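Analysis of the macromolecular model
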Amino acid sequence: MTVQAWTFLLVAASFALYIAIAIWSRAASTKDFYVAGAGVSPLANGMATAADWMSAASFISMAGLISFMGYDGSVYLMGWTGGYVLLALLLAPYLRKYGAFTVPDFVGDRYYSQEARMVAVLCALFVSFTYVAGQMRGVGIVFSRFLQVDVTAGVLIGMGIVFFYAVLGGMKGITYTQVAQYCVLIFAYLVPAIFLSMVMTGTVVPQLGFGGVEQGSGQFLLDRLNGLHAELGFAPYTSGSKATVDVFFITAALMVGTAGLPHVIIRFYTVPRVRDARVSAGYALLFIAVLYTVAPAVAVFARTNLINSVADRPYAEVPGWFTTWEETGLIRFDDANGDGIIQYAGPNRVDAAGAPVANELTIDNDIMVLANPEIAGLPDWVIGLVAAGGLAAALSTAAGLLLVVST
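The following refers to the structure shown. Along each chain, the written sequence defines residue order, and numbers are assigned to residues from 1. Confidence filtering applies because this is a predicted model: local features only for residues at pLDDT of at least 70, side-chain atom pairs given and counted only at 80 or more, and all residues used for totals across whole chains, interfaces and linings. To get the side-chain values, take all heavy atoms of the structure and skip hydrogens and water.

**Comments concerning the overall build of the protein chain**
Rules: Note on conventions: DSSP H or I runs of at least 4 residues are helices, E runs of at least 2 residues are strands, and numbering of each starts at the N terminus. For a compact globule the rule gives 2.2 Å times the number of residues to the power 0.38, and the radius of gyration it is set against comes from C-alpha atoms. We call a residue buried when its accessible area falls under 20% of the maximum for its residue type, exposed when it is over 50%, and partly exposed in between, using a 1.4 Å probe and counting protein chains only. Contacts are assigned to residue pairs with any non-hydrogen atoms lying within 4.5 Å of each other. In short, Shrake-Rupley with a 1.4 Å probe defines the accessible areas, and a residue's cover is counted only from the protein chains shown. Only four residue types enter the charge count, namely Lys and Arg as positive and Asp and Glu as negative; His and the chain termini do not. Charged groups are reduced to one reference atom each: NZ for lysine, CZ for arginine, CG for aspartic acid, CD for glutamic acid.
A count of helical and extended segments in the protein chain gives 16 helices and two strands. Taking 22 Å as the expected radius of gyration for a compact globule of 407 residues, we find that the protein chain reaches 22 Å, a close match to that expectation. Considered along the principal axes of its C-alpha atoms, the protein chain spans approximately 70 × 50 × 40 Å. The buried share of the protein chain, taken over its 407 residues, is 52%. Taking contacts inside the protein chain between residues at least 6 apart in sequence as the whole, the part at least 24 apart equals 78%. Only carbon and sulfur atoms are counted for the fraction: they give 66% of the accessible area of the protein chain, which is about 16700 Å². Seen as two clouds, the 19 positive and the 25 negative side-chain charges of the protein chain have centres 18 Å apart.

**Describing the packing of helix α1 (residues 3–24) against helix α8 (residues 151–201)**
Basically, it comes down to this: The angle between two axes is taken between their N-to-C directions and runs from 0 to 180 degrees, where each axis is a line fitted to C-alpha atoms and a helix contributes only its stretch in contact. Roughly parallel covers angles under 35 degrees, roughly antiparallel covers those over 145, roughly perpendicular covers 65 to 115, and oblique covers all other angles. Asp, Glu, Lys and Arg are counted as charged, while Ala, Val, Leu, Ile, Met, Phe, Trp, Tyr, Cys and Pro are counted as nonpolar; the rest, among them Gly, fall into the polar class.
Across the interface, α1 lies against α8 with an axial gap of 7 Å and an inter-helix angle of 95°. By the criterion of interaxial angle, the relationship of α1 to α8 is roughly perpendicular. Two secondary-structure elements touch here, α1 through F15, L17, Y18, I19, I21, A22, I23 and W24 and α8 through I157, I161, F164, Y165, L168, Y176, T177, A180, Q181 and V184. Residue composition of the contact of α1 with α8, by class: 16 nonpolar, two polar and no charged.

**Some points on the layout of surface pockets**
Formally: As defined here, a cavity is a set of points on a 1 Å grid over the protein atoms alone where a 1.4 Å probe fits but cannot get out. A pocket is an open set with protein on both sides within 12 Å along at least five of seven lines, and residues line them when an atom is within 4 Å of a point. Grid points are joined across faces, edges and corners, and a volume is the space filled by probe spheres set on the points.
Counted as a void, the largest pocket has a volume near 400 Å³. Elements represented by at least two residues in the lining of the largest pocket include exactly α4 (56–69), α7 (114–146) and α11 (244–259). Taken together, the residues of the lining of the largest pocket break down into 10 nonpolar, 10 polar and two charged. Roughly 220 Å³ of volume is contained in the second largest pocket. Taken together, 13 residues form the lining of the second largest pocket, with F68, M69, G70, D72 and A235 sitting closest to its centre.

**Topic: the packing of aromatic side chains**
Quick reminder of the rule: Stacked, tilted and edge-to-face are the three classes applied to pairs of Phe, Tyr and Trp rings, where Trp contributes its six-membered ring and a pair requires centres within 6.5 Å; stacked means planes under 30 degrees apart, edge-to-face means over 60, and tilted covers the rest. Two conditions define a charge located above a ring, namely a distance within 6 Å from the ring centre to NZ of Lys or CZ of Arg, and an angle within 35 degrees of the ring normal.
Per the counting criterion, the structure on display carries 13 aromatic pairs. An angle of 45° between the planes, with centres 6.2 Å apart, marks the rings of F15 and Y18 as tilted. Within this pair, F15 and its partner Y18 are both found in helix α1, separated by three residues, close to a single helical turn. The class for F15 is buried, based on a relative accessible area of 9%. On the basis of relative accessibility, which here comes to 1%, the residue Y18 falls in the buried class. Aromatic side chains W24 and Y176 sit 5.7 Å apart centroid to centroid with 75° between the ring planes, which places their arrangement in the edge-to-face category. Separated by 152 residues along the polypeptide, W24 in helix α1 and Y176 in helix α8 bring together distant segments of the chain. Owing to a relative accessible area of 64%, W24 belongs among the exposed residues under this scheme. A connected cluster of aromatic rings, assembled from ring pairs, spans Y315, W321, F322 and F333. Against the face of Y111 rests R110, its NZ or CZ located 5.4 Å from the ring centre. In this structure, R303 is placed above the aromatic ring of F234, and the distance from its NZ or CZ to the ring centre is 5.0 Å.

**Digging into α1**
For clarity, the threshold we go by: The span expected for a helix works out to 1.5 Å for each residue beyond the first. Here the arc refers to the directions that run from the helix axis out to each C-beta atom.
Helix length check: α1, at 22 residues, gives a terminal C-alpha distance of 31 Å against a target of 32 Å (1.5 Å per residue), a fit within 8%. Here α1 has its buried residues at V3, T7, V11, S14, F15, Y18, I21 and A22. In an axial view of α1, the angular spread of the buried residues amounts to 125°, which keeps them on one side of the axis. Buried residues belonging to α1 abut α7, α8 and α16 (380–406).

**Remarks on helix α10 (residues 221–232)**
The end-to-end C-alpha distance of α10 is 17 Å, a good match for the 16 Å that 12 residues give at a rise of 1.5 Å each. Taken together, the buried positions of α10 are L221, L225, N226, L228, H229 and L232. In a view along the axis of α10, the buried residues occupy a sector of 160°, so they form one face of it. In α10, the exposed positions that point more than 90 degrees away from the buried face belong to A230 and E231. Of the surrounding secondary structure, the elements contacted by the buried residues of α10 are α8, α9 (206–209) and α13 (274–310).

**Description of empty space enclosed by the protein**
Inspection of every chain in the model, using the stated rule, returns one cavity of 30 Å³ or more. Size it by volume and the largest cavity reaches roughly 80 Å³. Lining the largest cavity are F59, A188, Y189, P192, A193, L196, V298, V369, N372, P373 and V386. When contributions to the lining of the largest cavity are tallied by element, the ones reaching two or more residues are α8 and α15 (367–375).

Quick look at the structure:
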């Protein structure tokens, strides 16, 4: 079977699963529609919260950012994870205890003001529409690359699936669909990471492979990547360029902003008791940590494989994945000197005469996770699985955001 056939099969199977769950768990009352009847178990709610939280940004973009930023990319790991901790410990249980079903309800009642409620409504709508646009970009990228479908058509198909199970099941349908989507996305994230860790370092656990010795070279993987960066004129991968005060305030800003995500806040209204809200927050953090601790390893594997695959290689000899991704416009080679060699150059790279070397390769961060299995030459079914996982991550968050808009 081809990559496209595997992708069609796995995406269709996952979509069929989501629709079946929505039909099975369709809402029978207003309370079912908005808070899943407030009867979801802490374990299921924790898994659904993790899926709601880990959007296309976490699945597709975070490892891509870390892959290009190196050590500086750790602010996203700390900021987004810290934001969830802030939300889970200081906000969500108390909102649940108050008894309001939405944040605007809470704000309006807390400040005895319809105007304050209206401001909260406008903020929730602005955040939700902005964030759902990012999820749909992820859906469009997956469809355009792996299913050879126009980006706009891909977005419409994805939104049609979300619309179906969100309208049919409301929060109840979304919750149990998100449980399935968490299983799909985490399996799709871990399988290629484990494959790559075994191939590159001989270690099954990606978190250990991240700090392991590269097969063949005998060097620690991070030392090897630092050496490749030095050859190409980039800053060392493991050194940061940001001052400590910058790291602190960027992390703090990410934490505070993340703690206000409305689609995650409403998840804590679906459990029976305030204690269950706290327990489900702990479960969610555990489920989130599985992906977030693997992301730096995926970033390093992807960065190393990318440099080894295309840097200083004749364009005529590039692997098939390169030309396939070129068709999406997310990777581009501009032959500045006409020699047919792909010069991938950082700001510090110079030639034998000491003249600066122009960079000829432009890469979109978002392709790193999706293209990683192809770059490493993993089996076709793994490539299709990653596509299904990326869609699961995007659609799970989009569903929660649409419910926020409806409430």
